[in-house]
Amino acid sequence: MISTEKRQFKFSKRLKAALGFALVFLFLVFSALLYLSFKLEPVVAMRLKETVRTSTNDLYRISFSDIHLNPFAGSIRFDNIEFTPNDSTYQNLLKRNLHPTHLYSISIASLTLKKAHPIKVYFDKELHLRSLHIERPVVKVYYQNPRNDSNEPEDKRSTWQRLAKYLKVIKIEEIFFDNIDFKYIDRSSGKPEIDGVKNLSINIKDLLIDSLSEQDKSRFYFTKEIFVKVKNHEYVSRDKLYNITFENLSISSSNKFALVKGLKVIPRYPDMEFYKFVKERKARMHLNLNGARLLNIDFKRLVTKRQLRASSLTLFNADLNVFLDLRNKRPEYDRGRNFPQIALGRLGLNTTIDTVSILNSALDYSEYTPITARRGRVFFNKINASIYNLSNDSISLRKHAWTRSKFTMLFYGKSKLNLNLNFNLLSPSHRYNYSGHLSTMNAKNFNLLSRPLALLRINSGKISEASFSVNADYRQSRGRLILKYKDLNIGLLRIDSNKVLHKQMLRSLVANNVLLKESNPSSDGVTRIGKISYSRPDSIAFFGYLWQSIYTGLRETIGLSQEREQELVDQFRSFNQKTADERDRIRDKRKVRRKVRRTTKMAR
């Protein structure tokens, strides 16, 4: 019988032999893998370069400083990658009008592929990756003149057909781009226009290139999702007058949306100092936008044809402050060129958005005049609007030529104003129309605007309602205004050498008692209708055109038409020639008559 010690010795001997065999086997496998890895590295590099060259018809080349294969972890890392276009190939395509719309130039610090299994790539021609991580890429996208779509490229093979010789399947579960420096360079209009963004991250999910994926309509460029995010971006406007920042920008290809939060357009100089850097009269703007969301974007059309198609754009809590210094000279050009419909047609991006919504926003406009050294101000808050068929695409406009909009807001934060504004985007004379209704309002609110800019103070007056309707084009506006009010009384002002405002007693007296219509409807119950008629000079911009047109109807309604103002001048001259006693008696009689009229109205 074998003793226990002998059995233990034999077992220990066998165990050592097994362990030794296992170690030798692992060493051989490890050595083989290292050798295979060493042999595969140049093969993979060659295959990759040849694949890029062939799949792009020699339009692009790829190079890198080093490649590292880890067969145990199934990972591959490339260092210092350069992906560049071949200029000679591009010039040849350009001559034949077969060139692509965009060219790409990419440099990458490192690219890591995890769970890559290079042996499977080598023997089965299938690339399956769990993840691909790209660090510090610098991407430049050049937009060229688009080719004529009627010219078909010579190579009509799909991407998979061009790749199939080297890889039958490419499947990557997730791709990460970290800290991208991205520049978009538009070369289509002569001088290149450069837009860029840094601190950009991109997450791509489920990339699949095989024989069927190109026909999968749920995929965008062979992917199920491309999610783009930019945080805390800041740049300076091209005219160097504004800093533009936003907190967060998100774009999703699968959900077809783009969302920006915390957008700010901030002037780089205080309001009065701003005009040291502006040669002519130009508005200074300060914008705070809580958020903007664009839905149902056709990304394929945007990328391939540079045409924006979306169902809706919503602006949340926009706060816009506009300031204008009248000390600067008037611009020499015709300011009508910046009409909304003309500016839309001039937009470089072909755009059609079904609905634009503005929610809970505010507009504050102020104007400085050197005559009084004061600012006039008008503001609107709780602005909500819907704009339909915003487009500059000629084909879309042939079906629907009108952009229509509806606005509701509080005028001076107190009175509700409804406004409809419509543009004919195909009209050679740029026809448009607008109509609106204003609810009850204290006329003294207008003093914020009329005192500094028109030297007119409203002492009293109650507006019960106002409505207007105007048809206009590039030069002429015609319409009507109905303003219902009572107990209107004004004071005409003058300014002395020290820029102090004083009431002109005599002129104010004549204006109130001779010229001004105290109420509408008048005492006989007849409602006056103000005629709107205005011819726009080159110096007046769009919103000034709207106000000046409305003002012609307003002046006529309250009795300040040009004919009546001339009557005021004549009456004042006659009144000024009378003796002081006669003037006092006339003033007393008119005060009594006004008091009687008011007492009679109150009794009714």
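Being a predicted model, the structure only gives us computed values, none of them experimental.

Colleague: What is the right way to read the overall build of the protein chain from this model?
Modeller: Secondary structure assignment for the protein chain yields 12 helices and 23 strands. Relative to its 604 residues, the protein chain shows a buried fraction of 41%. Of all intrachain contacts in the protein chain linking residues separated by at least 6 positions in sequence, the fraction that spans at least 24 positions is 64%. When the accessible surface of the protein chain is split by element, carbon and sulfur atoms take 55% of a total near 34,400 Å².

Colleague: I tried to follow the nonpolar core on my own but got confused; where do I start?
Modeller: Across soluble globular proteins, you tend to see nonpolar side chains buried next to one another. Counting 114 residues, the largest nonpolar core has Tyr432 and Tyr434 as its most contacted members. If we skip the residues at most four places from it in the chain, Tyr434 touches Leu419, Asn420, Leu421, Phe468, Ser469, Val470, Leu546, Ser549 and Ile550. Residues Leu241, Tyr275, Phe323 and Tyr368 belong to the second largest nonpolar core, which totals eight residues.

Colleague: It is not clear to me how the pairing of strand E9 (residues 223-236) should be interpreted in this structure. Could you clarify?
Modeller: A regular strand places its side chains so that they alternate between the two faces of the sheet. Two elements, E9 and strand E10 (residues 242-252), share nine bridges in a ladder whose sense is antiparallel. Bridging from a neighbouring strand, Tyr235 pairs with Ile244 of E10. Where E9 hands over to E10, the hairpin turn is made up of five residues, of which Lys240 adopts a positive phi near 65°.

Colleague: When you look at the environment of Glu214 in this model, what are you seeing that I'm missing?
Modeller: Mapped onto the elements of the fold, Glu214 is located in the loop between strand E8 (193-209) and E9. Here the alpha-carbon distance between Glu214 and Thr159, two residues 55 residues apart in the chain, equals 7.9 Å.

Colleague: What am I meant to see in the environment of Arg162 here?
Modeller: Considering the arrangement of structural elements, one finds Arg162 in helix H4 (residues 159-163). Owing to a relative accessible area of 16%, Arg162 belongs among the buried residues under this scheme. With 111 residues separating them along the chain, Arg162 and Thr51 place their C-alpha atoms 8.6 Å apart.

Colleague: Got a minute to help me understand helix H8 (residues 447-454) in this structure?
Modeller: Each turn of an α-helix holds 3.6 residues, which means side chains three or four residues apart point in the same direction. Taken together, the buried positions of H8 are Asn447, Leu449, Ser450 and Pro452. Residues of H8 that are buried make contact with strand E14 (350-369), strand E15 (374-391) and strand E20 (456-472). Looking one or two places after H8, you find Leu455, whose phi comes out positive at around 50°.

Colleague: What is the right way to read the packing of aromatic side chains from this model?
Modeller: Within a pair of aromatic rings, the relevant descriptors are the distance that separates the centres and the angle that separates the planes. Tallied over the full model, the rule gives 25 aromatic pairs. Summarising the aromatic geometry, the rings of Phe220 and Phe299 are spaced 6.1 Å apart at their centres and angled 55° between planes, so their arrangement reads as tilted. A residue pair is termed long-range when its members are at least 10 positions apart, and Phe220 in the loop between E8 and E9 and Phe299 in helix H5 (residues 299-305) qualify at 79 residues. The residues Phe220 and Phe299 share a single accessibility class, namely buried. With centroids separated by 5.3 Å and ring planes inclined at 50°, the aromatic side chains of Tyr432 and Phe542 adopt a geometry described as tilted.

Colleague: I keep staring at the pattern of salt bridges and nothing clicks. Help me out?
Modeller: For the structure on display, the rule yields 15 salt bridges. A salt bridge links Asp181 to Lys183, with the nearest nitrogen and oxygen atoms 3.5 Å apart. For Lys183, a relative accessible area of 30% corresponds to the partly exposed category. Asp186 serves as the salt-bridge partner of Arg306, at 3.2 Å between the closest nitrogen and oxygen. One end of the pair, Arg306, is in the loop between H5 and strand E13 (307-325); the other, Asp186, is in strand E7 (residues 169-186), with 120 residues separating them in the sequence. Look at Asp186 and you get buried, because its relative accessible area is 7%. What emerges from the salt-bridge pattern is a single network uniting Asp334, Arg475, Arg536 and Asp538.

Colleague: What is the right way to read unusual backbone geometry from this model?
Modeller: Where the residue is not glycine, phi is negative for most of them; where a peptide bond is considered, it is trans in most cases. Of the consecutive residues Asn520 and Pro521, the connecting peptide bond is found in the cis state with omega at 5°. Along the chain, Pro521 turns up in the loop between helix H9 (505-515) and strand E23 (530-535). Unusually for a residue other than glycine, Asp206 sits at a positive phi of about 55°. Positive phi, close to 45°, is recorded for Asn360, a residue that is not glycine. Mapped onto the secondary structure, Asn360 falls in strand E14.

Colleague: Any chance you could explain the side chain of Asp325 here in plain terms?
Modeller: As for its placement among the helices and strands, Asp325 is situated in strand E13. Of the polar contacts made by the side chain of Asp325, one reaches the side chain of Arg327; its length is 2.7 Å. Setting aside residues no more than four positions away along its own chain, Asp325 makes contact with Met272, Tyr275, Arg281 and Tyr368.

Colleague: In this structure, what is going on with the environment of Asp334? I would like to understand it.
Modeller: You can see Asp334 is positioned in the loop between E13 and helix H6 (340-346). The sequence separation of Asp334 and Asp538 amounts to 204 residues, and the corresponding C-alpha distance is 4.5 Å. The residues contacting Asp334, other than those within four sequence positions of it, are Tyr474, Arg475, Arg536 and Asp538. A polar contact of 2.9 Å, which involves the side chain of Asp334, links it to the backbone nitrogen of Gly336. At a separation of 3.0 Å, a polar atom in the side chain of Asp334 contacts the side chain of Arg475.

Analysis parameters
Residues numbered from 1 in each chain as written. Predicted model: local features only at pLDDT ≥ 70, side-chain atom pairs only at ≥ 80, totals over all residues. Heavy atoms only, no water. Helix = DSSP H or I, 4+ residues; strand = E, 2+ residues; numbered from the N terminus. Buried < 20%, exposed > 50% of the residue type's maximum accessible area, 1.4 Å probe, protein only. Contact = heavy atoms within 4.5 Å. Areas by Shrake-Rupley, 256 points an atom, 1.4 Å probe, with all protein chains shown as cover. Core = buried A, V, L, I, M, F, W, Y, C linked by side-chain atoms within 4.5 Å. Pairing = 2+ DSSP bridges. Phe/Tyr/Trp six-rings, centres within 6.5 Å; stacked < 30°, edge-to-face > 60°. Salt bridge = Lys/Arg side-chain N within 4 Å of Asp/Glu carboxyl O. Polar contact = N/O pair within 3.5 Å; in protein donor to acceptor, adjacent residues only side chain to side chain.

Nothing here speaks to function; it is geometry throughout.
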